[in-house]
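Secondary and tertiary structure notes
If you want the building blocks of each chain, they are given just below.
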Amino acid sequence: MPKIRLCFCALILTFLITHSQARADHYGLVVMYSDLEPYIISKDKEISGFLVPYMNRVATAANIEIHWRNVPWENQLPALKRNQPNVCAIGLFKTPERETYSKFTHPIGTDKGFVLVSAKGNTALTTHQYFKSVLADRTLKPILQEDTVYNPYVNKLLSGKNFPRTQGSVSRMLRMLAQNSADYIILTPVMAKALLAKSGLSSQITIYNHFKDLKETSAYYMACSLSTDTQLWGRLNKAIALAGPLAK
């Protein structure tokens, strides 16, 4: 009788593990995105942008279904902190603090440094050759997006500084620049170029890309909640490693 009971328990355990994995595989991963043009573009309930085919390709290679969800940026990190299973955010820079509540894939892309976007003819910016000296200039104040981080160098420079932050979109931040409500914002080159072209504000604001200490390439990732199914995440991460990061 003990042997029969042991075999029966083993069968139940096997069934539960297999059934749980099957449900996770069937459901796939929810991938949150927002305010990420041109990486991801949402229009008329359709998404495009160079990250979409890349992620769909690696998901297919990993035999995982991706469910794209447009979630406001200010709600994405709280969703990861709540540890909702199989929920991920895309296009994030990695920091030690973020790693306490999420696990990061291999890099899905790399950005060629950062640029500053400001009003045209901002002579205060043009006199500086380094971003470090821009931050030391008390006449210049950036506006930052809530919960946004950059590479370790920029993060360290910004640490401890009480600059204004907004929950508004990057497009709204561009309008603030045009209205002289802020001096500059920090963007990746590809995002700055795309959003400036779309904004219709190119006669008023422009890109400043001459800062010598903002040239370092930075990797970005997909981050998933810690409770995300281990096998799903592992298969996707392996597919991303094989595909390699996108470079723009």
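Residues numbered from 1 in each chain as written. Predicted model: local features only at pLDDT ≥ 70, side-chain atom pairs only at ≥ 80, totals over all residues. Heavy atoms only, no water.

Notes on unusual backbone geometry
Backbone torsion omega between Glu37 and Pro38 reads 0°, so that peptide bond is classified as cis. Along the chain, the position of Pro38 falls in the loop between strand E1 (29-33) and strand E2 (41-43). Here Asp35, not a glycine, exhibits a phi torsion of approximately 55°, which is positive. Positive phi outside glycine occurs at Asn86, with the angle close to 60°. (Helix = DSSP H or I, 4+ residues; strand = E, 2+ residues; numbered from the N terminus.)

Topic: helix H8 (residues 189-199)
Turning to H8, its buried residues are Met191, Ala192, Leu195 and Leu196. Taken down its axis, H8 places every buried residue within 120° of arc, on the same side. For H8, exposure combined with an orientation more than 90 degrees from the buried face picks out Lys193, Ala197 and Lys198. Summarising the contacts, the buried residues of H8 are in contact with strand E8 (115-119), helix H7 (170-178), strand E11 (184-187) and strand E12 (205-208). Looking one or two residues beyond H8, the residue adopting positive phi is Gly200, at roughly 75°. (Buried < 20%, exposed > 50% of the residue type's maximum accessible area, 1.4 Å probe, protein only. Arc of directions from axis to C-beta. Contact = heavy atoms within 4.5 Å.)

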